[in-house]
Amino acid sequence: MATLRLTFSYEGDKVTLVSQQRVEMMLPLSHPLDVAEGQTGFWYTVEDAQKRPIYRRVMQNPIRHDMEVFSEDPATSVSRLAESQPRGTFVILAPEVEGPQSVTFFSHPLQPRAAHLSAAPVLRFEIRKEDLR
Amino acid sequence: MSAADGSVLGTTPIVFNGPASQKWNLVIVAEGYRDVEISNFHNDAQSFVQTLFQTPPFDGLSSAINIYRIDVTSTDSGANDPVACGGTGATPRTYFDASFCNNGLRRLLVCNDATVHQVVNAQMPQAHMILVMVNSTVYGGSGGGIAVFSLASGANEIALHEMGHTAFGFADEYEYYAGCGIDVGHDHYSGGEPAQPNVTRDSNRATNKWRDLVQAATPMPTTSNADCTKCDPQPNPFPAATVGTYEGAFYYHCGAYRPQFNCRMRALGNPYCAVCQRVIRQALAPYLSPWIYNLRVLRTHAKHGSQMAWAILDGTPWLSVRPVAADGVTNVFAILCDALAKGRNVDILLDHGQISEATLR
């Protein structure tokens, strides 16, 4: 099973799949597919042609509506700051499966100070195999 | 200031434990190094490698990891350092447009992550984690899809903290958002169970997700915050290594718990807590095998009058045969040469980056 390297860009809440590469590499292990109701955090799932989730990875929300700020003061060496103009690029890795497949991102509402809100599907992308490099 | 202000020279493995297809690949990208300074980047990257492999649990996982250096030169040195944030006003022309003073904070050092991903996707698409090392001694960095950090003393910690987020999915364990005494609305965590492995709202000994690491004598919750309107000021009442549930985590003063009093995901300069270390070990376990399978031998080389012999295999740099004993070098080298002559593949065992065993397939 090949690994797909999927590159996304975002500006505000608009997220675009900008490139798809087929790569020979070892995919990180999937996290458990079962998700308890009301769970918070950020993760993505990969679905097969039957829309069944086959892979899930929990990660830090890469769509940055706030940023981590570092200080040399040991009392507050890390803190967070709302991002005024969310914009950036990120990559996820996904297994390639036979036939159509999709990727779904689960997150709290894409806004700062929302880590306590339940994650729900916020974005879904069909992987177009003909666009694979 | 853009990718026109420099060039990508190429990619070099600086820690090689097997083909990129079989290992966990960390990529370190140069930013703000002029052509004549690129050897400084080689040294700076090597210095980070030493730090990483002295950091538990990576110190015991080195055979799972390849580290690649992408040499990128810039027209000028350093990063933008605006006067508005107390900086020097420097505006060097650099490949990834690194700049301090984002959102008005001098320490917030970011670069053009789209360009970084373009370069890495082209140079090393097997990357699992990307670090951008900025040639500046001003303290700063940032996280997200990539980790950016400067050469300032202690800035390596930024890279290690951000690796925790990006590569291993850790949550922040600090109990505030903007800072203790600053936040409003961060008194009590009211959400569901976090998906991240290192924070929880569950302090029940029977159901907590890291309960197997909690000793029977450790109270649960291990600490409680007596005043949820502020960060808990109490010092750690237990030995530092005690795993339990310490109240105050995930940006909230109360209602969310962290596994140890301190962790690199709570404050820089601390070790990863036991829960984070275990997650890293579990994540890298599939990449640990020292045996590399089914490689084609491309070239061999031996030096007259010594025990030294080398080979290049598919996807590897020059690898030396481990010179433990003369007959061992001879036997392993003979297998490699035989494979090359017959066009057959080999399995090899790598020990400290050297071929110590080989099997003809």
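For the structure, check the block above.
This is a predicted model, so every value here is computed, not measured.

Student: It is not clear to me how the packing of aromatic side chains should be interpreted in this structure. Could you clarify?
Tutor: Think of a pair of aromatic rings as described by two things: how far the centres are apart, and how the planes are tilted against each other in angle. As enumerated under the stated definition, the model contains 25 aromatic pairs over all chains in all. Their ring planes at 80 degrees and their centres at 5.1 Å tell us that Phe8 of chain A and Phe105 of chain A sit as a pair that is edge-to-face. Taken as a pair, Phe8 of chain A in strand β1 (residues 3-11) and Phe105 of chain A in strand β8 (residues 101-107) lie far apart in primary sequence, 97 residues in all. An identical accessibility class is assigned to Phe8 of chain A and Phe105 of chain A; each is buried. One aromatic cluster is present, formed by Phe8, Tyr10, Phe42, Tyr44, Tyr55, Phe90, Phe105 and Phe125 of chain A through successive ring pairs. The positively charged end of Arg258 of chain B is found above the aromatic ring belonging to Phe261 of chain B, 5.3 Å away from the centroid.

Student: Help me out: how do you make sense of the pairing of strand β3 (residues 65-74) of chain B in this one?
Tutor: Looking down a regular strand, the side chains alternate between one sheet face and the other. All names here are of chain B. Most of β3 is tucked away: 10 of the 10 residues are buried. Of the two faces of β3, both are covered, the one formed by Ile65, Ile67, Arg69, Asp71 and Thr73 as well as the one formed by Asn66, Tyr68, Ile70, Val72 and Ser74. Strand direction decides the pairing type here: strand β1 (residues 6-15) and β3, joined by 8 bridges, are antiparallel. Residue pairing in the sheet places Gly6 in a bridge with Ser74 of β3. For strand β2 (residues 24-31) and β3, the ladder comprises 6 bridges, and the chain directions are parallel. Paired with Leu26 across the two strands is Ile67, which belongs to β3.

Student: Hey, could you run me through the environment of Lys209 of chain B in this one?
Tutor: Residues and elements named next belong to chain B. By secondary structure assignment, the location of Lys209 is in the loop between α3 (156-168) and β7 (246-249). C-alpha separation for the pair Lys209 and Val275, spaced 66 residues apart in sequence, amounts to 9.8 Å. Those residues within four positions of Lys209 in sequence are excluded, and the remaining contacts are Glu193, Pro194, Ala195, Gln196, Pro197, Val199, Thr200 and Arg278. Polar contacts involving the side chain of Lys209 include one to the main-chain carbonyl oxygen of Val199, which spans 2.9 Å.

Student: Would you take a moment to explain the sheet that holds strand β2 (residues 14-23) of chain A for this structure?
Tutor: Within a sheet, adjacent strands bond to each other through the backbone by hydrogen bonds, running parallel or antiparallel. Pairing is antiparallel in the open sheet, where 3 strands are placed in the order β2-β1-β7 (chain A). With one partner strand each, in any of the chains shown, β2 and β7 (87-95) of chain A form the two edges of the open sheet. For this sheet the average axis-to-axis angle between neighbouring strands, irrespective of direction, equals 20 degrees. Here β1 of chain A pairs with β2 of chain A via 9 bridges, running antiparallel. Directly across from Thr7 of chain A, in β2 of chain A, lies its bridge partner Ser19 of chain A. Contacts from helix α2 (residues 113-123) of chain B reach β1, β2 and β7 of chain A within the one sheet, and its direction differs from that of β7 of chain A by about 35 degrees.

Student: So what exactly am I meant to see when it comes to the nonpolar core here?
Tutor: For soluble globular proteins, nonpolar side chains are generally found buried alongside one another. All names here are of chain B. Counting residues in hydrophobic clusters, the biggest one holds 64 residues, and the most contacted among them are Trp24, Phe48, Phe58, Ile67, Leu131, Met163 and Leu284. In terms of residue count, helix α1 (residues 38-53) provides more of this core than any other element does, 7 residues in total. For Ile67, the residues in contact, after removing those within four places along its chain, are Thr12, Pro13, Ile14, Val15, Leu26, Ile28, Val49, Leu52 and Phe53. Counting residues in hydrophobic clusters, the runner-up holds 45 residues, among them Ile70, Met124, Ala309 and Val321.

Student: Help me out: how do you make sense of the interface of chain A and chain B in this one?
Tutor: Quite often, the size of an interface is put as the accessible area lost when its parts meet. On the chain B side, the residues contacting the 48 residues of chain A number 56 residues. Together, the buried faces of chain A and chain B total about 4,300 Å²; carbon and sulfur atoms form 54% of this surface. Among the residues of chain A in contact with chain B, Met26, Phe70 and Arg113 of chain A are the three that bury the most area, contributing 18% of the side total. The partner of Glu72 of chain A in a salt bridge is Arg107 of chain B, with the nearest N and O atoms 2.9 Å apart. Linking chain A with chain B are 29 residue pairs in polar contact (both at pLDDT 80 or more). For the side of chain A that touches chain B, the elements supplying multiple residues, two or more each, are β1, β2, β4 (53-58), β5 (66-70), β6 (78-82) and β7 of chain A. Here the residues of the side of chain A that touches chain B sort into 21 nonpolar, 16 polar and 11 charged.

Student: Hey, could you run me through the pattern of salt bridges in this one?
Tutor: Think of it this way: side chains of opposite charge can pair up when their charged atoms draw near. Applying the stated criterion to the full structure yields 20 salt bridges over all chains. In this structure, Asp66 of chain A and Arg80 of chain A form a salt bridge, with 3.4 Å as the shortest nitrogen-oxygen distance. In this pair, Asp66 of chain A is assigned in strand β5 and Arg80 of chain A in strand β6, connecting sequence segments 14 residues apart. Look at Asp66 of chain A and you get buried, because its relative accessible area is 15%. With a closest N to O distance of 2.8 Å, Arg264 of chain B and Glu157 of chain B form a salt bridge. In this pair, Arg264 of chain B is assigned in the loop between β8 (252-258) and α4 (274-284) and Glu157 of chain B in helix α3, connecting sequence segments 107 residues apart. Classification of Arg264 of chain B by relative accessible area gives buried; the value is 5%. Looking at Glu157 of chain B, the relative accessible area reads 16%, which means it is buried. It is possible to trace a salt-bridge network through shared partners that takes in Asp66, Glu68 and Arg80 of chain A together with Asp172 of chain B.

Student: Please explain α1 of chain B as it appears in this structure.
Tutor: With 16 residues, α1 of chain B ought to run about 22 Å at 1.5 Å a step, and its terminal C-alpha atoms sit 23 Å apart, in line with that. Contact partners of the buried residues in α1 of chain B: β1, β2, β3, β4 (129-134), β6 (147-150) and α3 of chain B.

Student: In this structure, what is going on with the environment of Asn135 of chain B? I would like to understand it.
Tutor: Inspection of the secondary structure puts Asn135 of chain B in the loop between β4 and β5 (141-142). Taking the C-alpha atoms as reference, Asn135 of chain B lies 17 Å from Thr115 of chain B; in sequence the two are 20 residues apart.

Student: Please explain the sheet that holds β8 of chain A as it appears in this structure.
Tutor: Residues and elements named next belong to chain A. Read across the open sheet, the 4 strands follow the order β4-β3-β8-β9; overall the sheet is antiparallel. Strands with a single pairing partner mark the edges of an open sheet, and in this sheet they are β4 and β9 (120-127). Sheet twist, expressed as the average angle between the axes of neighbouring strands with direction ignored, equals 20 degrees. Taken together, the 5 bridges between strand β3 (residues 43-47) and β4 define a ladder with antiparallel strand orientation. Bridge pairing in β4 places Val46 opposite Tyr55.

So, how was this worked out
- Residues numbered from 1 in each chain as written.
- Chains lettered and ligands numbered in written order.
- Predicted model: local features only at pLDDT ≥ 70, side-chain atom pairs only at ≥ 80, totals over all residues.
- Heavy atoms only, no water.
- Phe/Tyr/Trp six-rings, centres within 6.5 Å; stacked < 30°, edge-to-face > 60°.
- Helix = DSSP H or I, 4+ residues; strand = E, 2+ residues; numbered from the N terminus.
- Buried < 20%, exposed > 50% of the residue type's maximum accessible area, 1.4 Å probe, protein only.
- Lys NZ or Arg CZ within 6 Å of the ring centre and 35° of its normal.
- Pairing = 2+ DSSP bridges.
- Contact = heavy atoms within 4.5 Å.
- Polar contact = N/O pair within 3.5 Å; in protein donor to acceptor, adjacent residues only side chain to side chain.
- Axes fitted to C-alpha atoms, helices over the stretch in contact; angles between N-to-C directions.
- Core = buried A, V, L, I, M, F, W, Y, C linked by side-chain atoms within 4.5 Å.
- Buried area = accessible area lost by both parts, 1.4 Å probe.
- Salt bridge = Lys/Arg side-chain N within 4 Å of Asp/Glu carboxyl O.
- Nonpolar A, V, L, I, M, F, W, Y, C, P; charged D, E, K, R; others polar.
- Expected span 1.5 Å × (residues − 1).

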